[in-house]
Amino acid sequence: MKVTVSRKAHFNAAHRLFRKDWSDEKNQMVFGKCNNPNFHGHNYELIVEVTGNVNKETGYVIDMKILSDIIYEEIEVAFDHKNLNLDVPEFTELIPTAEHIAYVIWNKIRKRIELKYELNIILYETPRNFVSYSGL
């Protein structure tokens, strides 16, 4: 029996969307208000989905406490109340768009989840803007 279990988390973070190799004018044209040189923030909502076979002995796909600890250690500690551009090494050369943030989160969690499980990340930047990434 294959089941998907999900864990929800959140973090607050600031970022700025811009490319160092573009002019101020081009950055403003492409990224608009998200290019604010003083940064801006979001209250991100994260859903981590793990799909796998239910263990016949435990009834679990994965122990949710373990998943919760992974999310806390890998994501909340690293991202919460941080400036993604300045405080998170993965964004030194990577623009912290929702797409890239989801990709980074997926990779950080993937290294802690056994490969027998499928992993999907859904990241809400706002209640109406969200992305998902499953490693494909």
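Since this is a predicted model, take the numbers as computed values, not measurements.

Asker: Would you take a moment to explain the side chain of asparagine 83 for this structure?
Answerer: Structurally, asparagine 83 can be placed in strand 3 (residues 82–83). From its side chain, asparagine 83 meets the backbone nitrogen of asparagine 85 in a polar contact 3.0 Å long. Once you skip the residues sitting within four places of it in the chain, asparagine 83 turns out to touch Ala14, Phe39 and Val88.

Asker: Looking at this structure, how should I read the sheet that holds strand 5 (residues 130–133)?
Answerer: Adjacent strands of a sheet pair through backbone hydrogen bonds, lying either parallel or antiparallel. The five strands lie next to each other as 3-1-2-4-5, forming an open sheet whose pairing is mixed. The open sheet terminates on both sides in strands that have one partner only, identified here as strand 3 and strand 5. Where strand 1 (residues 2–15) meets strand 3, two bridges bridge the pair, whose relative direction is parallel. Residue pairing for strand 3: alanine 14 is matched across the bridge by asparagine 83. Taken strand by strand, helix 2 (residues 64–79) contacts strand 1, strand 2 (40–53) and strand 3, and its axis lies near 20° from that of strand 1. Packed on one face of the sheet, helix 4 (residues 98–110) meets strand 1, strand 2, strand 4 (118–124) and strand 5 and runs near 145° to strand 4.

Asker: So what exactly am I meant to see when it comes to the environment of glutamate 76 here?
Answerer: Note that glutamate 76 resides in helix 2. Contacts of glutamate 76, omitting those with residues within four sequence positions, involve Ala9, His10 and Ile71.

Cut-off values and rules
Residues numbered from 1 in each chain as written. Predicted model: local features only at pLDDT ≥ 70, side-chain atom pairs only at ≥ 80, totals over all residues. Heavy atoms only, no water. Helix = DSSP H or I, 4+ residues; strand = E, 2+ residues; numbered from the N terminus. Polar contact = N/O pair within 3.5 Å; in protein donor to acceptor, adjacent residues only side chain to side chain. Contact = heavy atoms within 4.5 Å. Pairing = 2+ DSSP bridges. Axes fitted to C-alpha atoms, helices over the stretch in contact; angles between N-to-C directions.

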